[in-house]
Amino acid sequence: MAAIKFGPKEVRKSIRFTLLSRSGCLLICLGLSMLTLVLQSLWVPLEDTGVDPAGRYPEVRGQDNAVQRLALSLQVLRSQVQKLSRDGGTKMTRDDLSLLLQSFKRDHQGLAHMMERELKRVSLKLDLLSRKNPLQDWTHTPPPLQYQQTRSEPTEKCNVPRDPAYPLCAEKVKFLQARWQSDPCYAFYGINGTTCSILSYLRQIEDFCPPHTRQNLSVPPWQQTPPPVTKKAEIRTSLKPLYDVIGNNSGPALRFIRRRVERMSGRWIAAGLDSRRSGNWTAVTQMKLLLYPGALAGAVGRQFESMVERGGPLGELVQWADLGASLTILGHNVTLSTSQQHLHSLIGAAPGHGSCPIQAPLTFDIVYTDYHGLTHLQGAMGLSFQHYKCRFRILDSFGTEPAFNLESYAHKHGYKTLWGSWGLQPLQYMTMFPHTPDNSFLGFVTGEPESSEARERELDPYRKDKIAVVYGKRDYMWKGKTEYVSWISEELETHATVYQSAGRAAALPGHIRNHGLLTQEDFLRLLRRAKVFVGLGFPFEGPAPIEAIALGCVFLQPRMDPPESSENNHFYKGKPTTRQISSQHPYTEIFIGKPHVWTVDVNNRTEVQHALKAILEIEVKPFTPREFTCKGMLERLHYYISHQNFCSKSAWPPETAMRLHLGPLGQSCVSVCQHSSLVCEPGLFPHINSPAAFTRLGLGCSSTVLEVKHLFPSYSPWGRLCGLQKEPLLFSCAGSDPSHRRLCPCRTHLPGQVALWSDHL
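In this text, all values refer to a predicted model and were calculated from it rather than measured experimentally.

## Observations concerning the pattern of salt bridges
Here's step 1: As enumerated under the stated definition, the model contains 16 salt bridges in all.
Here's step 2: With a closest N to O distance of 3.1 Å, Lys 416 and Glu 407 form a salt bridge.
Here's step 3: When its relative accessible area of 44% is taken as the criterion, Glu 407 is described as partly exposed.
Here's step 4: The salt bridge involving Glu 490 is made with Arg 605; its shortest N-O contact spans 3.0 Å. Taken together, the positions of Glu 490 in the loop between α19 (482-489) and β8 (493-496) and Arg 605 in helix α23 (residues 605-617) put the pair 115 residues apart, joining distant regions of the chain.
Here's step 5: Assessed through its relative accessible area of 45%, Glu 490 is described here as partly exposed.

What follows is the structure in structure tokens.
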């Protein structure tokens, strides 16, 4: 074949075409790259922010997603152009350019339409960001009328006042002059960068500057007192109001809560009617209550939800279900939320990042939440968080001791942890079990199988099959316990309820009959048949052993020797407690005991076998402590609502309830009072925080000090030093030290109801 030859003219045309095509590709690539970067800079995924900003609506998120899609489309197009450019000048032919133009033409109409639409939105967004009030139009939430007046006086000259009654005014003005654009909430409240607008905000909203003579506001709007409610709460005979606020949510957590409430509704209603018939039930004002389980909101909530049906912890959900049912039966108005955005709406948060106070007085008398929810509230309420934190109640399964609660003290004395340090009244923390009386014991209610199951065993209500059910829903909980379980299997048919994923069997010994993860109803039916409920050592302090004992099972649990604590156990590490855990479930060991609870050394075959032999020879009746019945929980919640007011000083219980005790060296007041079958009462500490208390106990003080120390009031025999408490938040039943003898205010309690003193009802 003859070679094709090119003359000089054709070569020059080819070179010029190659250079032009390569330059054009580079220009196109550069343009697309810049446009992509601009669009990407305007798109920030909501998930990356960690929270749902107040005032951000779904349509705004939709715009962000559209910008994201456009940016991704341009990235694909840019990569095609870059590929052609990288091929080199000699490889760029007319056919290559033709294919590229066809690709442009194929996507031209859709891409151009999308670009036009999204660039208009970007332009609007840039315009909004450049305005003095960037969120007013975006969120569709106009600021209150009085805050709009600031904009009408842009030329007014304002001087920062010097008033000794407002010493921080000038400092706050300087701060906002530099930082007012850091949070859109400042613009929402009328700040536009001028000194006049800042002073107006600090006078009307944050109360850091003296009021203007022309202004009538005596207190910020969020501090104003709403009209008092006079309606009394009446016992309800229906849980429909709670079903309405739960709704038919498809999430597994709220489904679990609703199913539990529905299953136990008959018992709740019966307990309410029984309480109403009793002659010692005092009516209280009907309250507006918010339930906000923060662990079910945001990214943490998604993670929690994913574990509900895979063997994750359910104790918190049990508490939230029973709390909602109790408050509804007691006649109060309950609102439930599991969304940060919904929370912002409910509390009236200003649009932005939470630096500013809420827009109006908090409408809820009490907010029940958890540590996650407390963080969400702080991040949405600004300065008003401190004003309203006395209304918060924190569901805290394992408790927060006073030494961990006060941030400055915790940091200085080595009690600083991830949790705690909120400076609340310790009784605002509500625990699953009565770990320490420093916190309020909320508890829960034991479940029961369906009534048809109970009727099947009416003729012999205590009949039990010779089976054991092992307490441990995940196979890692069985690690190191194979020999212990095998000893039990020699005497009893052994069953398990370990979660197993699809197509994968749980790694359990062959002689174990595993049912997989059961519904709550099926699990209770299994316990109803079982003779023994076997603890493996973990999980710690869950509700299941109480439910098993209530159904007639004997709880066999491991003894912890040495005791477990935050010092030697990963699970308790970082928790705001110094408790020494002597068994898997200390409450059942201390408050229930034999014949319902046997605590053994699980590494001692002889001890385990002797315990099993004794258990099989006795008939154990079902047992439920009063505090874990529906009526007991109604009594407790009614007492808390009636007498716990952390927004004002209240002396409850009265001093007449106190039994003063002097503890030995190294013992906490929890132990001192328990040894006398009493309970330490932190509300009585003020009555013994005086020199007279030492005289009453016959102690001579060579010197008396007033200090910030969680062990005080206490007596040190070395030097006969008497210590009095300077910081009321550090009154602690839990504190102990080898060199101090604690002064302990103890009280009696109702049988099976440690939260209530015996004269209360």
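## Things to note about the packing of aromatic side chains
Here's step 1: Under the defined criterion, the tally for this structure stands at 30 aromatic pairs.
Here's step 2: Arranged with centres 5.9 Å apart and planes meeting at 40°, the rings of Tyr 371 and Tyr 429 form a pair that is tilted. A residue pair is termed long-range when its members are at least 10 positions apart, and Tyr 371 in helix α14 (residues 371-381) and Tyr 429 in strand β5 (residues 429-431) qualify at 58 residues.
Here's step 3: The exposure class of Tyr 371 is buried, given its relative accessible area of 8%.
Here's step 4: Judged by relative accessible area, which is 0%, Tyr 429 ranks as buried.

## Observations concerning the nonpolar core
Here's step 1: Ranked by internal contacts, the top residues of the largest apolar core, which has 75 residues, are Trp 268, Leu 317, Leu 323, Leu 327, Tyr 368, Leu 527 and Phe 533.
Here's step 2: Leaving out residues up to four positions away in the same chain, Leu 327 has contacts with Arg 236, Leu 289, Leu 291, His 332, Val 334, Tyr 368, Leu 637 and Ile 641.
Here's step 3: Counting 42 residues, the second-largest nonpolar core is a separate cluster that includes Cys 185, Leu 290, Ile 358 and Tyr 429.

## Some points on the confidence of the model for the chain
Here's step 1: Across the chain, the average pLDDT comes to 82, with 76% of residues at or above 70.
Here's step 2: Predicted confidence is poor over residues 149-155, with pLDDT under 50, and the contacts of this stretch with residues over four places away or in other chains come to twelve contacts.

## Some thoughts on the environment of Leu 729
Here's step 1: The topology assignment puts Leu 729 in the loop between β18 (721-725) and β19 (741-747).
Here's step 2: Leu 729 sits in the buried class, given a relative accessible area of 13%.
Here's step 3: Along the primary structure Leu 729 and Pro 426 are separated by 303 residues, whereas in three dimensions their C-alpha atoms are 7.2 Å apart.
Here's step 4: Excluding anything up to four places from it in sequence, Leu 729 contacts Pro 402, Leu 406, Gly 423, Leu 424, Gln 425 and Pro 426.

## A short note on the state of the cysteines
Here's step 1: A full pass over the atoms with the stated rule returns eight disulfides.
Here's step 2: The partner cysteine of Cys 158 in its disulfide is Cys 196, sulfur to sulfur 1.9 Å. Looking down the S-S bond of the Cys 158 and Cys 196 bridge, the torsion is 105°, so its handedness is right-handed. Taken together, the residues Cys 158 in the loop between α4 (145-148) and α5 (169-179) and Cys 196 in helix α7 (residues 195-204) connect sequence positions 38 residues apart.
Here's step 3: Cys 673 shares a disulfide with Cys 746; S-S distance 2.0 Å. The sign of the S-S torsion, about -80°, decides the handedness of the disulfide formed by Cys 673 and Cys 746: left-handed. Of this pair, Cys 673 sits in helix α25 (residues 669-675) while Cys 746 sits in strand β19; the two residues are 73 residues apart in sequence, bridging distant segments of the chain.
Here's step 4: Residue classification places Cys 673 among the buried residues on the basis of a relative accessible area of 0%.

## Details of α7
Here's step 1: Counting buried residues in α7 gives nine out of ten residues, a clear majority hidden from the surface.
Here's step 2: Three or more residues of α7 are buried, namely Cys 196, Ser 197, Ile 198, Leu 199, Ser 200, Tyr 201, Leu 202, Arg 203 and Gln 204.

## Here we look at helix α11 (residues 298-308)
Because each turn of an α-helix spans 3.6 residues, side chains separated by three or four positions end up pointing in the same direction.
Here's step 1: What α11 keeps buried is the set Gly 301, Phe 304, Glu 305 and Val 308. The buried residues of α11 occupy an angular sector of 100° when projected down its axis, which confines them to one face. Of the exposed residues in α11, those oriented more than 90 degrees away from the buried face are Arg 302 and Gln 303.

## Structural notes on the pairing of strand β11 (residues 554-564)
Here's step 1: Examined bridge by bridge, strand β10 (residues 532-535) and β11 share three bridges and lie parallel to one another. Note that in β11 the partner of Val 534 across the bridge is Leu 556.
Here's step 2: Across four bridges, β11 lies against strand β13 (residues 597-600) in parallel orientation. Pairing of Phe 555 across the sheet is with Val 597, part of β13.
Here's step 3: Note that β11 and strand β12 (residues 581-583) share two bridges and pair antiparallel. Following the sheet pairing, Glu 564 is matched in β12 by Ile 581.

## Some details on the sheet that holds β5
Here's step 1: The parallel open sheet is built from six strands, whose spatial order is β2-β1-β3-β4-β5-β6. A single partner strand is all that each edge strand has here, and the edge strands are β2 (333-336) and β6 (440-441).
Here's step 2: Examined bridge by bridge, strand β1 (residues 288-292) and β2 share four bridges and lie parallel to one another. Bridge pairing in β2 places Leu 290 opposite Thr 335.
Here's step 3: Sheet contacts for helix α12 (residues 315-329): β1, β2, β3 (366-369), β4 (392-395) and β5; angle to β1, the most-contacted strand, approximately 170°.

## Observations concerning unusual backbone geometry
Here's step 1: Of note, the bond from Asp 561 into Pro 562 is cis; its omega dihedral lies within 30 degrees of zero at 5°.
Here's step 2: Structurally, Pro 562 is set in strand β11.
Here's step 3: In this model, Lys 594 is joined to Pro 595 through a cis peptide bond whose omega is 5°.
Here's step 4: With phi around 45°, Arg 720 is a residue other than glycine that occupies positive phi space.
Here's step 5: The topology assignment puts Arg 720 in the loop between β17 (714-716) and β18.
Here's step 6: Given the relative accessible area of 42%, Arg 720 is considered partly exposed.

The rules we used
Residues numbered from 1 in each chain as written. Predicted model: local features only at pLDDT ≥ 70, side-chain atom pairs only at ≥ 80, totals over all residues. Heavy atoms only, no water. Salt bridge = Lys/Arg side-chain N within 4 Å of Asp/Glu carboxyl O. Buried < 20%, exposed > 50% of the residue type's maximum accessible area, 1.4 Å probe, protein only. Helix = DSSP H or I, 4+ residues; strand = E, 2+ residues; numbered from the N terminus. Phe/Tyr/Trp six-rings, centres within 6.5 Å; stacked < 30°, edge-to-face > 60°. Core = buried A, V, L, I, M, F, W, Y, C linked by side-chain atoms within 4.5 Å. Contact = heavy atoms within 4.5 Å. pLDDT = per-residue confidence, 0-100. Disulfide = S-S within 2.5 Å. Arc of directions from axis to C-beta. Pairing = 2+ DSSP bridges. Axes fitted to C-alpha atoms, helices over the stretch in contact; angles between N-to-C directions.

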